[in-house]
Amino acid sequence: MRTELKHYTVEQVVEGFVYNEFEGKGLFGLAGRLVIQPEFQRNYIYNDGKKDVAVIDSLLKGYPLGLIYYNVAETNLEVLDGQQRITSIGRFVTGKFAIRQDGKEQTFLSLPTEEQAKIMDSELLVYECQGTEREIKEWYQTINIAGVPLTNQELLNAVYSGPFVTRAKAEFSNSRNANLQKWSAYIKGDPKRQQVLEVALEWVANLRGMGIDAYMAQHRQDDNINELKAYFTSVIDWVGSVFTAPPEKEMRGLEWGRLYETYHRNSYDPGRLETKLRRLLGDPAVESRKGIYEYLLSGEEHPELLCVRVFDDKTKKLAFERQTVKAKETGGSNCPLCAVGGNTNNSRIYQQKEMDADHVTAWSRGGATDLDNCEMLCITHNRAKGNK
């Protein structure tokens, strides 16, 4: 790959700057010759009132912004590294945000003329790079190790850029998409960092028995995202039809793609599920609230998903002492099941280390995990009861 160091002023770079507020993209600069956010680039993420402001403060203080890299693509240039900084500058110059000076908010046009000139005359050091697509994208990944690291999906978008990625980002990485509020109840992640797209791709790739990278490679030149969108919608709609109440925070980030494939052929009564869900969410013995959903979907056959709280050491000690005192008074065993048995253990007094705690009324039948519902059984009987 060949590189050449060039000097551009801010005024040159932002000439013809266009920013798409709807998609969060800085599109063009250098009077249309510069593509600020080519498809392999991540979305703009500096619009947080801190990083974007810091870029402008650096220009006003005369601080260097660091090297910027352009890719020479036929007759145009593409920003290889530096699009967050360039987009921040362009957005400020075109009045998209303000900075604070001496306690007052200042837009670009409200700054003194000498400060406007200082920004526009600031020089940017740019390496223009020429190479194969593979070389350019490998370099893009390398230079993005520092700073705000690329997410895995941002890297994959760079490697497999094309019409498929363009359409997928327009659907799943667009913060103005009206469906995002609904999706965010079930999916954890920032759409601008491609994390919603990553989930959608993971679900459909798993359906096809492949990884995200393989799926993207296979569909790279597709001019539609029909399968991706249809499958994602099917999963989301299924979740909403089974659990009909307003989503709980525990639903966010669950493996809904896997759960859909495992359970969507089963029939459910949403009303009954809702009643059981409310009870389990309110049960202090349930330590894994996120596990409740698969527990219910699986027909309540896997209580281990709930990580039900076990009796603590203090409770077990008190239960052991209570049972032992009673056993010595009656001449029976301190294991209630041994005491009613017909073998030689019906009068045996066990040490606490030879016993374990169990629910008198099973937790699955509403029994509480407290002293009143705790009984100590010998290890043999406890295991036998647990296997029933």
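Residues numbered from 1 in each chain as written. Predicted model: local features only at pLDDT ≥ 70, side-chain atom pairs only at ≥ 80, totals over all residues. Heavy atoms only, no water.

1. Re the overall build of the protein
Here is step 1 of the chain: A tally of regular secondary structure across the protein gives 17 helices and 11 strands.
Here is step 2 of the chain: Taking 21 Å as the expected radius of gyration for a compact globule of 388 residues, we find that the protein reaches 31 Å, considerably beyond that expectation.
Here is step 3 of the chain: Buried positions account for 45% of the 388 residues belonging to the protein.
Here is step 4 of the chain: At a minimum sequence separation of 6, the contacts of the protein that also span at least 24 residues come to 64%.
Here is step 5 of the chain: Accessible surface, the protein: about 20200 Å² in total, of which carbon and sulfur atoms supply 49%.
Here is step 6 of the chain: In the protein, 49 side chains carry a positive charge and 54 a negative one; their mean positions are 6 Å apart. (Helix = DSSP H or I, 4+ residues; strand = E, 2+ residues; numbered from the N terminus. Rg over C-alpha atoms; globule rule 2.2 N^0.38 Å. Buried < 20%, exposed > 50% of the residue type's maximum accessible area, 1.4 Å probe, protein only. Contact = heavy atoms within 4.5 Å. Areas by Shrake-Rupley, 256 points an atom, 1.4 Å probe, with all protein chains shown as cover. Lys, Arg positive; Asp, Glu negative; His and termini not counted. Charge placed at Lys NZ, Arg CZ, Asp CG, Glu CD.)

2. A word on helix 3 (residues 83-93)
Here is step 1 of the chain: Taking burial as the measure, the 11 residues of helix 3 include 11 buried ones, the bulk of the element.
Here is step 2 of the chain: Downstream of helix 3 by a residue or two, G95 has a phi angle that is positive, lying close to 80°.

3. So, the confidence of the model for the protein
Here is step 1 of the chain: This prediction gives the protein a mean pLDDT of 87; 93% of its residues lie at or above 70.
Here is step 2 of the chain: In the model of the protein, helix 5 (residues 133-143) stands out as the element of lowest mean pLDDT, 68, in contrast to helix 11 (residues 226-242), which has the highest, 96. (pLDDT = per-residue confidence, 0-100.)

4. Notes on the nonpolar core
Here is step 1 of the chain: Counting 50 residues, the largest nonpolar core has F172, I187, W203, L228, W238, F243 and W256 as the members making the most contacts within it.
Here is step 2 of the chain: Mapped onto this core, the elements with two or more residues apiece are helix 7 (163-172), helix 8 (180-183), helix 9 (195-207), helix 10 (212-219), helix 11, helix 12 (256-263), helix 13 (270-281) and helix 14 (292-297).
Here is step 3 of the chain: Formed by 34 residues, the second largest nonpolar core is a distinct cluster that contains Y19, V55, L60 and F97. (Core = buried A, V, L, I, M, F, W, Y, C linked by side-chain atoms within 4.5 Å.)

5. Notes on helix 4 (residues 113-121)
Count 3.6 residues to each turn of an α-helix, and residues three or four apart come out pointing the same way.
Here is step 1 of the chain: Among the residues making up helix 4, those that are buried are Q116, I119 and M120. Along the axis of helix 4, the buried residues cluster in a sector spanning 95°; they form a single face. Exposed side of helix 4, more than 90 degrees from the buried face: E114 and D121 are the residues found there. (Arc of directions from axis to C-beta.)

6. Focus: the state of the cysteines
Here is step 1 of the chain: Applying the stated rule across the entire model yields zero disulfides.
Here is step 2 of the chain: As a non-bridged cysteine, C307 has C374 as the owner of its nearest cysteine sulfur, 20 Å distant. (Disulfide = S-S within 2.5 Å.)

7. Quick notes on the packing of helix 7 against helix 9
Here is step 1 of the chain: The interhelical angle for the contact between helix 7 and helix 9, taken along N-to-C directions, is 115°, at an axis separation of 9 Å. As helix 7 packs across helix 9, the resulting crossing turns out to be right-handed. Taken together, the residues of helix 9 that come into contact with helix 7 (itself represented by F164, A168, K169 and F172) are V196, L197, A200 and L201.
Here is step 2 of the chain: Looking at the contact of helix 7 with helix 9 residue by residue, the class counts come to seven nonpolar, no polar and one charged. (Axes fitted to C-alpha atoms, helices over the stretch in contact; angles between N-to-C directions. Left-handed = near helix turned anticlockwise from the far one by under 90°. Nonpolar A, V, L, I, M, F, W, Y, C, P; charged D, E, K, R; others polar.)

8. Overview of the packing of aromatic side chains
Here is step 1 of the chain: Considering all chains together, one arrives at 16 aromatic pairs under this definition.
Here is step 2 of the chain: Relative to Y215, the ring of F164 lies with its centre 6.2 Å away and its plane at 65°, an arrangement referred to as edge-to-face. Of this pair, F164 sits in helix 7 while Y215 is found in helix 10, placing the two residues 51 residues apart along the sequence. Accessibility assignment for this pair places F164 and Y215 in one class, buried.
Here is step 3 of the chain: Among the aromatic side chains, those forming a connected cluster through ring pairs are F172, W183, W203 and F232.
Here is step 4 of the chain: Residue placement shows R91 over the ring face of Y19; its charged tip is 4.9 Å from the ring centre. (Phe/Tyr/Trp six-rings, centres within 6.5 Å; stacked < 30°, edge-to-face > 60°. Lys NZ or Arg CZ within 6 Å of the ring centre and 35° of its normal.)

9. Observations regarding the packing of helix 2 (residues 51-60) against helix 3
Two quantities define a packed helix pair, namely the angle between the axes and the distance from one axis to the other.
Here is step 1 of the chain: Axis separation between helix 2 and helix 3 bottoms out at 9 Å; the angle between their running directions is 80°. Classified by the angle between their axes, helix 2 and helix 3 sit roughly perpendicular to one another. In this structure, helix 2 contributes D52, V55, I56 and L59 to the contact, and helix 3 contributes R85, S88, I89, R91 and F92.
Here is step 2 of the chain: Tallied by class, residues from the contact of helix 2 with helix 3 come to five nonpolar, one polar and three charged. (Parallel < 35°, antiparallel > 145°, perpendicular 65-115°, else oblique.)

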